[in-house]
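Single-letter residue listing:
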Amino acid sequence: MTKQKEKLGLFGLAAIVLNAMIGGGIFDLPKNMATNAGAKAQIIAWIIVGIGMWFVTSMFLKLSELKPNLTTGLYKYGEAGFGKFTGFFVSWGYWICECFSNIAFAVLLMSTLDYFFPGKFTGGNNWPSVILSSIILWTMTFVISKGIRQASWLNIAGTIGRLTVIFIFIGVLAVHFKWVTFTTNFNAVHSMTSVGDPGLGSVPAQVLKTMPVVLWVFGGIEGAVVLSDYAKSQKEVKRATALGYFTCLILYVLVSLLPLGLVSYGVISKMISPSSAEILSLALHNPIGKMIMAIGLIVSVFSSWLTWTMMLAEMPYAAAKDGAFPKVFAKKSKNEVPIFSLVCATVIMQIIILVAHFANNAFEMAYTIVATMTVPPYLISAMYLIKISYNKDNYPGKTGRISALITGILASIYILIMGVSAGLQYITISFIIYAVGIPVFIKARKEQSDNQPIFTKIEKYFVITILIVALGGILMLVK
């Protein structure tokens, strides 16, 4: 008698959601939020984000429930709803987006090492940082190419290390929290030189500036799409996603706001990354705080970096088997590793590491591009939900059509707000990256030889739009 695959219950599923969403970004969240907003704007931002990202989460849950057969990636929503090029557009963008996300890990890791070797890895993107992060990147690629899969203990160690130091940070900051410090210059509209605070503009403008930051830290929320394969029931999936999501939201809010009860946002914004390390040292009046947060971050980032490098090899491999990428991406080595996909992902990440060297704030650049490039895959998924729930004759479910339609509309509105908040510069840069992928799609379509045109009439207009925006982005960068 064969042993059935063990199914996960509520807390097991919630742990998966939590682990997917909480990455290295939380360790520098105080600085990234304080650079853009004061206490009042941060509170408003978290309320908006809490509601908005829940609509995005609900959107993915509804799609997984209504279209359980579309489980190979977000690009399937684009392809099923709007054609092959849209599916590729999502797949390519999501892949490159996660390459940038991995390099954000690299920059943060290098910046953390500067605590142990002062002045050697300043900013996380100087030449020593570029060299060491490149060595680590190619070493991981070599290890993965040998077919050595990540041991479960590394994931467990990463999760335990990450959550332990986060709870230490929250506990210490809660004890040292001062309401008078938190409420000083609460609006952050005007500068206050006595506490080192610059003016950050109107409160609505501050709120808008935080959107790329929160989208970056909420990366992985789309993991809810694949949870149903591991769940005892669909009810458990929804409950676990809610539990994991709100636990994650509470942790983010506390890590963001509690430091403002210790020092002003102006002081936090000038800290080197990861800011949580310096904040904990200030609270404890002891440099051991830096060591605690730094070690926790290093363990967390190494775990996430290796996991995502393996996933980056799998993404185009799965898409190639489905015909969305050229066939060469589906090739496996004798060790059963999608070697071409792995090497391509590594080369792309290496290029990003080199480009990051010339950025004034490499970490901000990386997470903002991640946030910008996450918008199209999310928006297309929301549009697909709207499409299948708009007409009751096409609705695949038995009940809940209006609820699904409203969820899709509200998720779309929130996603568009996040896209606008990133700014014109990063939007045009993302379209340059999308334009680079067009020849890859053309090759994939030619390989399929289905006697169909490469682009439909509507897709041709889509391609022209991408190229025009990309050209504008190139001109903007040159200037």
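Residues numbered from 1 in each chain as written. Predicted model: local features only at pLDDT ≥ 70, side-chain atom pairs only at ≥ 80, totals over all residues. Heavy atoms only, no water.

1. Side note on the confidence of the model for the protein
- On average, the protein scores 85 in pLDDT, and the residues at 70 or more come to 90%.
- Every residue in residues 1-5 scores below 50 in pLDDT, and together they form 1 contact with partners more than four places removed in sequence or on other chains. (pLDDT = per-residue confidence, 0-100. Contact = heavy atoms within 4.5 Å.)

2. Some remarks on empty space enclosed by the protein
- Inspection of every chain in the model, using the stated rule, returns 3 cavities of 30 Å³ or more.
- If you add up the space inside the largest cavity, you get close to 60 Å³.
- Taken together, Glu79, Lys84, Phe88, Asp322, Gly323, Ala324, Phe441, Ala444, Arg445 and Gln448 make up the full set of residues lining the largest cavity.
- Elements with a minimum of two residues in the lining of the largest cavity: α5 (84-116) and α18 (438-448).
- For the lining of the largest cavity, the element with the highest residue contribution is α18, accounting for 4 residues.
- The residue inventory of the lining of the largest cavity, partitioned by class, reads 4 nonpolar, 2 polar and 4 charged.
- Here the second largest cavity defines a volume of roughly 60 Å³.
- Lining the second largest cavity are Ile103, Ala106, Val107, Met110, Gly124, Asn125, Ser129, Val130, Ser133, Ile353 and Ala356.
- Only α5, α6 (127-145) and α14 (339-356) provide two or more residues apiece to the lining of the second largest cavity.
- Ranked by the residues each element gives to the lining of the second largest cavity, the list is headed by α5, at 4 residues. (1 Å grid on protein atoms, 1.4 Å probe; cavity = no way out; pocket = protein on both sides within 12 Å on 5 of 7 lines; lining within 4 Å. Points joined across faces, edges and corners; volume = space filled by probe spheres on them. Helix = DSSP H or I, 4+ residues; strand = E, 2+ residues; numbered from the N terminus. Nonpolar A, V, L, I, M, F, W, Y, C, P; charged D, E, K, R; others polar.)

3. Topic: the layout of surface pockets
- Estimated volume of the second largest pocket: approximately 590 Å³.
- If you list the elements that add at least two residues to the lining of the second largest pocket, you get α5, α14, α15 (362-390) and α17 (424-436).
- Partitioned by chemical class, the residues of the lining of the second largest pocket number 16 nonpolar, 3 polar and 1 charged.

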